[in-house]
Amino acid sequence: MNDFGLYFTLGRQHIADIHGYDHILFIAALCLRYQVADWKKILVLVTAFTIGHSITLALSVTNTVHYSTKWIEFLIPVTIMATAISNIFVKKFSFRSRFPLIYFFALFFGLIHGLGFSTYLKSLLGKDENIFLQLLAFNLGLEAGQLLIVFAVLLISFILVAVVKMPRREYLLFVSGAIFAAALQMTLERIPW
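Just so you know, these numbers come straight off a predicted model, no measurement behind them. (Residues numbered from 1 in each chain as written. Predicted model: local features only at pLDDT ≥ 70, side-chain atom pairs only at ≥ 80, totals over all residues. Heavy atoms only, no water.)

*Asks:* What should I look at first to understand the nonpolar core in this one?
*Replies:* One broad trend across soluble globular proteins is that nonpolar side chains are buried collectively. Counting residues in each nonpolar core, the largest one holds 52 residues, and the members touching the most others are Leu 30, Leu 57, Ile 80, Leu 121 and Ile 179. Taken together, the elements giving at least two residues each to this core come down to α1 (2-15), α2 (22-31), α3 (39-61), α4 (69-88), α5 (101-125), α6 (132-163) and α7 (168-189). Dropping the residues within four chain positions of it, Leu 57 is found in contact with Gly 114, Phe 117, Ser 118, Leu 121, Leu 135, Phe 138, Asn 139 and Leu 142. (Core = buried A, V, L, I, M, F, W, Y, C linked by side-chain atoms within 4.5 Å. Buried < 20%, exposed > 50% of the residue type's maximum accessible area, 1.4 Å probe, protein only. Helix = DSSP H or I, 4+ residues; strand = E, 2+ residues; numbered from the N terminus. Contact = heavy atoms within 4.5 Å.)

*Asks:* When you look at α7 in this model, what are you seeing that I'm missing?
*Replies:* Note that an α-helix has 3.6 residues per turn; residues three or four places apart therefore point the same way. For α7, built from 22 residues, the straight-helix expectation of 32 Å at 1.5 Å per residue is met to within 8% by its first-to-last C-alpha distance of 32 Å. Along α7, the positions that sit buried rather than exposed are Tyr 171, Leu 172, Ser 176, Ile 179, Ala 182, Ala 183, Met 186 and Thr 187. Seen end-on, α7 carries its buried residues on one side only, within an arc spanning 145°. The exposed set on the far side of α7, more than 90 degrees from its buried face, consists of Phe 174 and Leu 188. On the buried face of α7, the contacting elements are α2, α4 and α6. (Expected span 1.5 Å × (residues − 1). Arc of directions from axis to C-beta.)

*Asks:* Explanation requested: the layout of surface pockets in the structure shown.
*Replies:* To find leftover empty space, a probe the size of one water molecule is rolled over the atoms. One number sums up the size of the largest pocket: a volume of about 180 Å³. Together, 13 residues line the largest pocket, and Arg 33, Val 90, Pro 100, Leu 101 and Ile 102 are the ones closest to its centre. Sorting elements by how many residues they give to the lining of the largest pocket places α5 first, with three residues. Classifying every residue of the lining of the largest pocket by side-chain character gives eight nonpolar, three polar and two charged. Within this model, the second largest pocket holds a volume of roughly 150 Å³. Along the wall of the second largest pocket there are 14 residues; nearest its centre are Gly 20, Asp 22, His 23, Glu 73 and Arg 190. Elements that contribute at least two residues to the lining of the second largest pocket include exactly α2, α4 and α5. With four residues, α5 is the largest single contributor of residues to the lining of the second largest pocket. Class assignment of the residues belonging to the lining of the second largest pocket gives a composition of five nonpolar, six polar and three charged. (1 Å grid on protein atoms, 1.4 Å probe; cavity = no way out; pocket = protein on both sides within 12 Å on 5 of 7 lines; lining within 4 Å. Points joined across faces, edges and corners; volume = space filled by probe spheres on them. Nonpolar A, V, L, I, M, F, W, Y, C, P; charged D, E, K, R; others polar.)

*Asks:* What's the story with unusual backbone geometry in this structure? I'm lost.
*Replies:* If a residue is not glycine, its phi is most likely negative; likewise, a peptide bond is most likely trans. One non-glycine residue with positive phi stands out, namely Asn 63, at about 60°. Structurally, the position occupied by Asn 63 is in the loop between α3 and α4. Residue classification places Asn 63 among the partly exposed positions, given a relative accessible area of 47%. Positive phi, close to 70°, is recorded for Lys 165, a residue that is not glycine. For Lys 165, the location among the structural elements is in the loop between α6 and α7.

*Asks:* Got a minute to help me understand the confidence of the model for the protein in this structure?
*Replies:* When pLDDT is low, close inspection of the predicted coordinates is not appropriate. Summary statistics for the protein give a mean pLDDT of 91 and a share of 98% for residues scoring 70 or more. Of all secondary-structure elements in the protein, the lowest mean pLDDT belongs to α1, at 88, while α7 reaches the highest, 97. (pLDDT = per-residue confidence, 0-100.)

*Asks:* Explain the packing of α2 against α3 to me, please; I cannot follow it from the model alone.
*Replies:* Helix-helix packing: each pair is described by the crossing angle between the helix axes and the interaxial distance. Following both chains from N to C, one finds α2 and α3 inclined at 145°, their axes separated by 10 Å at the closest point. The two elements α2 and α3 meet at a crossing, and its hand is right-handed. Mapping the contact onto sequence places Phe 26, Ile 27, Leu 30 and Cys 31 in α2 and Ile 42, Leu 45 and Phe 49 in α3. Tallied by class, the residues present in the contact of α2 with α3 amount to seven nonpolar, no polar and no charged. (Axes fitted to C-alpha atoms, helices over the stretch in contact; angles between N-to-C directions. Left-handed = near helix turned anticlockwise from the far one by under 90°.)

*Asks:* Looking at this structure, how should I read the environment of Lys 41?
*Replies:* By the element assignment, Lys 41 lies in helix α3. Separated by 58 residues in sequence, Lys 41 and Phe 99 place their C-alpha atoms 9.4 Å apart. In this structure Lys 41 touches Tyr 34, Phe 95 and Tyr 103, once residues within four positions along its chain are discounted.

This is the structure we're talking about:
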């Protein structure tokens, strides 16, 4: 059980690492359109991302899929830019669709992010044969870190929109623009050709 705690902590620290802020930017871009009252929609959104990255994390760590690390490192900021751009199209904040397009973005982009997480996890596991518990602990740690990011984004949104009275659409556009700019810089730095 000691290994479980270690891998849980490593997963949580990995996603919430300020130096690897691409993960933080992606979760923020996903959640910006929502407020605390939309918690059920956020839960579905985060679950879609979790399913995506859990699948490729497991497939990669077990060497079932192989990929170019350079391309994954390039595609991660591309997913951030695409998510930030999708926020521009949110004009009304009454989310009535049962399965909005952002859920499918989260699932698909989760597949790409899972491959990014797996590079780090594979380096930790080395040649260890029995990886199920470590994989589960790492993934749960990622989720705990992700929930902390979601909570922080919702808290900042609440303060700026409900307390400071910043117009919600302007807030969404401003922060999405800043996230897009940061992701564009990362994308240009990681061009794989």
